[in-house]
Amino acid sequence: MAYRDLRDFLRTLEKEGELKRISAEVDPVLEITEITDRSVKAQGPALLFEKPRGSSVPVVTNLVASDRRMNLSLGVDSLDAVAARINSFLDMQSPQGLLEKVKMLPKLAEIGSFFPKSVRSGPCQEVVKTERFSLFDFPILQCWPQDAGRFITWPMVITKNPETGKRNVGCYRMQVFDERSTGMHWQTQKHGAEHYRSARSKSKGGKLEVAVAIGADPASCYAGILPVPPDMDEFLFSGFLRSDPVELVRCKTVDLEVPANAEIVLEGYVELGELRTEGPFGDHTGFYSLEGQFPVFHVTCVTHRKEPLYLTTIVGPPPQEDYFIGHAIERIFLPVMKMQHPEIVDVAMPAEGIFQNLMIVSIRKSYPGHARKTMNAIWSLGQAMFTKVIIVVDHDVDIQNPSELVWKSLCAIDPERDIQFVLGPVDTLDHAARRPDFGSKMGIDATRKWPEEGYTGRWPDEIKMDAPTKRKIDQIWSQLQINSPKKR
């Protein structure tokens, strides 16, 4: 069954021994980050800080920073189960006969049950404040010493496309400037920035309405993070993940809807053309992203539960919680990549690659240049266009095993022949790029080379012991009493 809200999920985590309550008073400025950082790197539990200094609102961190908690959040034993569900829908073919059409009805009905559902009221509006409120009432964190201030790090930022009215949900950091305004870190290639540009093209001095929801059931919280197709409503996909529609309630002061089970909602607008210096911010790259000019979000109304929780996430030197979310994305969306590019066998994005810096792909190579075709295909896929380095290997390389990957990749390349460079869009956070949002990317073809690709030698076989010998030694291994030496 779907989690009703954030606290329902926390109850499950506590029951499973995956939640630690912190009763000591801890400062949201730096201290909560240091505790959370140590916990995630020690593979520790989710954390509930009951007494953040300066606020009566508890703080939740490290929510899904483990494979087990990520599985629990999606109600599965393995992420492969979610991928299999996606695959079953992708495999739907146009039914030919009456019997086939009848067989498809249950699946079509299931798809229809995922659409978001509007409700008249929700817990997120138990308290409504249009005056006498301050963003500093909430324990918003300053995570790292050189951060420009406190940042909201796990918001669901909701806007509408001024041209089509279509909703977008994104996750963009928000620096708190004062009691009622924040930065809105809309990176150039993101949908929020596109809505802003579209609105400004119509009216240089107008406003773009914005709603920000903080804290909800896990699947809803993922809405702004998952790379769903451009034409799909993010809350529809959340409904698919939770096998139950997301309930949405209309905001009090803006024409937008937010998850009814959210903990906190900020309503307001961005003044078109108004920019303010935002940053620095200790980012998921493990380095500070430097200051820049970004739109300003003005908060006109705050709604929340009577006793809200403040959900936040820490980004910084990997691994952090975002790695586990990224790994889930890798596993869940693999069927989508395979549907578009059937040669793909597996994909891996190591924590140290921080999403956009490294992607490893194994393929079933069918023709000369196939690896390079795959690189260019990935650079054309949505947010994958930011991937700085792509390594393509053959289907029989276990890319989830770093030792095997490095060994076989390095043995397979002639650097001058097998490395290609392209120019194109890069992530705004890439501080090494020659200019903001534009730079180079590298593809490495680490597949076996064919004569048609100009390889004139004979590719050698990998050294492997024969099966009969292995079986024989397996039978006598215990008798040999060969033990590993004790570490001193």
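Please refer to the structure placed before this passage.
In this report, the structure presented in the accompanying data block is examined. (Residues numbered from 1 in each chain as written. Predicted model: local features only at pLDDT ≥ 70, side-chain atom pairs only at ≥ 80, totals over all residues. Heavy atoms only, no water.)

### Regarding the sheet that holds strand β12 (residues 247-250)
Here is the rule: At least two bridges found by DSSP between two strands is the condition for calling them paired. Secondary structure follows DSSP: runs of H or I at least 4 residues long count as helices, runs of E at least 2 residues long count as strands, and numbering of each begins at the N terminus. Angles run from 0 to 180 degrees between N-to-C directions of axes, and those axes are lines fitted to C-alpha atoms, restricted for helices to the stretch in contact.
Strand order in the open sheet formed by 3 strands is β4-β12-β13, and the pairing between neighbours is mixed. Because the sheet does not close on itself, it has two edges, and the strands there are β4 (117-119) and β13 (257-259). Across the sheet, the axes of successive neighbouring strands diverge by a mean angle of 45°, strand direction being ignored. As judged from the 3 bridges shared by β12 and β13, these two strands associate in the antiparallel manner. Note that in β13 the partner of leucine 248 across the bridge is proline 259.

### Focus: the nonpolar core
As a reminder, the rule being used: What we call a nonpolar core is a set of buried Ala, Val, Leu, Ile, Met, Phe, Trp, Tyr and Cys residues that are connected through their side-chain atoms within 4.5 Å. Using a 1.4 Å probe on the protein chains alone, a residue whose accessible area is under 20% of its type maximum counts as buried, one over 50% counts as exposed, and one in between counts as partly exposed. Every residue pair with non-hydrogen atoms within 4.5 Å of one another is taken to be in contact.
Leu63, Leu74, Phe237, Leu241 and Val258 are the most contacted members of the largest nonpolar core, which totals 56 residues. For this core, the leading source of residues is helix α8 (residues 234-242), giving 5 residues. If near-sequence neighbours (up to four positions away) are discounted, leucine 63 is found in contact with Leu6, Phe9, Leu10, Leu13, Ala46, Arg69, Leu311 and Glu321. Within the second largest apolar cluster, 37 residues are counted, among which are Leu135, Ile264, Leu266 and Ile314.

### As for unusual backbone geometry
Where the residue is not glycine, phi is negative for most of them; where a peptide bond is considered, it is trans in most cases. The residue after glycine 279, namely proline 280, is reached through a cis peptide bond having omega 5°. Tracing the backbone shows proline 280 in the loop between β14 (264-278) and β15 (281-282). With an omega of 0°, the peptide bond between proline 318 and proline 319 qualifies as cis. Backbone geometry at serine 243 places phi at a positive 55°, although glycine is not the residue there. For serine 243, the position within the fold is in the loop between α8 and β12. The class of serine 243 is partly exposed, set by a relative accessible area of 46%.

### Concerning the environment of valine 345
Tracing the backbone through its elements, the reader meets valine 345 in strand β19 (residues 344-348). For the pair valine 345 and cysteine 124, spaced 221 residues apart in sequence, the C-alpha to C-alpha distance is 43 Å. The contacts of valine 345, once residues within four sequence positions are left out, are Leu334, Lys338, Ser362, Ile363, Arg364 and His395.

### Looking at the pairing of β12
Bridge analysis of β4 against β12 gives 3 bridges, and the strand direction is parallel. Bridged to serine 118 within β12 is leucine 248. Adjacent in sequence and paired antiparallel, β12 and β13 are bridged by 6 residues.

### Focus on the packing of aromatic side chains
To keep it simple, the criterion reads: By convention, a stacked pair of Phe, Tyr or Trp rings (six-membered ring in the case of Trp) has centres within 6.5 Å and planes under 30 degrees apart, an edge-to-face pair has planes over 60 apart, and any other such pair is tilted. Working rule: Lys NZ or Arg CZ, within 6 Å of ring centre, within 35 degrees of ring normal, means a charge sits over the ring.
Enumeration over the complete set of coordinates arrives at 9 aromatic pairs. Where phenylalanine 114 meets phenylalanine 240, the ring centres are 5.3 Å apart and the plane angle is 85°; that geometry is what we call edge-to-face. Taken together, the residues span a long stretch of sequence, with phenylalanine 114 in the loop between α5 (98-112) and β4 and phenylalanine 240 in helix α8 at a distance of 126 residues. In this structure, phenylalanine 114 and phenylalanine 240 share a single accessibility class: buried. Members of the aromatic cluster, each reached through a chain of ring pairs, are Phe114, Phe237, Phe240 and Phe333. Geometry around tyrosine 269 places lysine 207 over its ring, the cationic atom sitting 4.1 Å from the centre.

### Details of the environment of isoleucine 158
One can find isoleucine 158 in strand β7 (residues 155-160). The class for isoleucine 158 is buried, based on a relative accessible area of 0%. Separated by 13 residues in the primary sequence, isoleucine 158 and cysteine 171 have C-alpha atoms spaced 9.0 Å apart. Sequence-distant contacts of isoleucine 158, defined by excluding residues within four places in its chain, comprise Arg167, Asn168, Val169, Glu209, Val210, Ala211, Phe235, Leu256, Glu257, Val258 and Pro259.

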